[in-house]
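Results of the structural survey
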Amino acid sequence: MFANKKAWFSSSVSRSSWDFWLMEDGIVTGWKTADYLFSNDATHLDTLSVFQSMEYIQGKVTVFHSMFLCACKKRRSVKSLKIGHYVLPPVPVQNAVRNVTGRLIWEHDNPGTQGFDDQAAYNSKDLESSRTWFAKI
């Protein structure tokens, strides 16, 4: 699924996400050479350092929530998902999105209960809400 793709993982991301990436032939590397950057926490120090970098400010890198990998595992596909739904922006942007959509795609009714191996995923209402918001920007 991720053959020859390179990813950086924040230390906020669970080891099971790393393992899934590697199991699917992905490569783990530093964030400046990665194709994908994954984090679970926009306030984590390593993620904040990405947000404060010139690469991020200039729009050369994007950070994604690692729940994207959970969805890939569940669907057994990367092509059937819109990775843009899993963008992990800085906290002020997250707050603005919540004001429009109510919650982000990786947020659930019971925070902390959704792990990498859980089969629960977002419902179609959440997906529609995200599509509506992303269509506006």
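Reference entry: report on the structure contained in this document. (Residues numbered from 1 in each chain as written. Predicted model: local features only at pLDDT ≥ 70, side-chain atom pairs only at ≥ 80, totals over all residues. Heavy atoms only, no water.)

**A look at the overall build of the protein chain**
Rules: The numbering of helices and of strands both runs from the N terminus, where a helix is a DSSP run of H or I of at least 4 residues and a strand a run of E of at least 2. Type-normalised accessible area, obtained with a 1.4 Å probe on protein chains alone, sets the label of each residue: buried when under 20%, exposed when over 50%, and partly exposed for intermediate values. By definition in these notes, contact holds between two residues if any of their heavy atoms fall within 4.5 Å. Per-residue and other accessible areas were derived by the Shrake-Rupley procedure at a 1.4 Å probe size, with only the shown protein chains allowed to occlude residues.
Secondary structure summary: the protein chain contains 6 helices and 4 strands in total. Its helices and strands taken in sequence order, the protein chain reads β-α-β-β-α-α-β-α-α-α from the N to the C terminus. Going through the 137 residues of the protein chain one by one, you find that 37% of them count as buried. When contacts within the protein chain are restricted to residue pairs at least 6 apart in sequence, long-range pairs at least 24 apart make up 57% of them. About 7,800 Å² of surface is accessible on the protein chain, with carbon and sulfur atoms providing 52% of the total.

**Things to note about the packing of aromatic side chains**
Convention followed: Two aromatic rings from Phe, Tyr or Trp, using only the six-membered ring of Trp, form a pair when their centres are within 6.5 Å; if the ring planes differ by under 30 degrees the pair is stacked, by over 60 it is edge-to-face, and anything between is tilted.
Applying the stated criterion across every chain, the model contains 12 aromatic pairs. On the basis of an interplanar angle of 85 degrees and a centroid distance of 5.8 Å, the ring pair of Phe2 and Phe20 is categorised as edge-to-face. With Phe2 in the segment before β1 (6-9) and Phe20 in helix α1 (residues 15-23), the pair connects residues that are 18 residues apart, well separated along the chain. Summarising the burial analysis for this pair, Phe2 and Phe20 share the class buried. Between Phe2 and Trp21, the ring centres sit 4.3 Å apart and the planes meet at 15 degrees, which makes this aromatic pair stacked. You can see Phe2 sitting in the segment before β1 and its partner Trp21 sitting in helix α1, a full 19 residues away along the chain. According to the relative accessible area criterion, Phe2 is buried, its value standing at 3%. A connected cluster of aromatic rings, assembled from ring pairs, spans Phe2, Phe9, Trp18, Phe20, Trp21, Tyr36, Phe38, Phe64, Phe68 and Tyr86.

**Observations regarding the pairing of β1**
Selection rule: Pairing between strands is defined by DSSP: at least two bridges between the two strands are required. Whether a crossover is right-handed depends on one test, that the path from the first strand over the helix to the second runs clockwise when the strands point away from the viewer.
Two strands pair when backbone bridges link them, and β1 and strand β2 (residues 27-28) are joined in this way by 2 bridges, in the parallel orientation. Residue pairing for β2: Lys6 is matched across the bridge by Ile27. For the segment spanning β1, α1 and β2, crossover handedness is right-handed.

**Focus on helix α5 (residues 91-101)**
Going by this rule: Taking the helix axis as origin, the arc is that swept by the directions to the C-beta atoms.
Residues of α5 that are buried: Gln94, Val97 and Thr101. For α5, the angular spread of buried residues about the axis comes to 60 degrees, placing them on one side. What points out from α5, more than 90 degrees from its buried face, is the exposed set Pro92 and Asn99. Looking one or two residues past α5, Gly102 carries a phi angle of roughly 95 degrees, positive in sign.

**A word on the side chain of Ser10**
Which entries qualify depends on this criterion: Under this definition, polar contacts are N or O atom pairs within 3.5 Å; protein pairs additionally need one hydrogen-donor-capable and one acceptor-capable atom, and for neighbouring residues in sequence, both atoms have to be side-chain atoms.
With respect to the secondary-structure elements, Ser10 resides in the loop between β1 and α1. We classify Ser10 as buried; its relative accessible area is 0%. There is a polar contact of 2.9 Å between the side chain of Ser10 and the side chain of Ser12. Within the local environment of Ser10, its side chain forms a polar contact with the side chain of Asp46, the two groups lying 2.7 Å apart.

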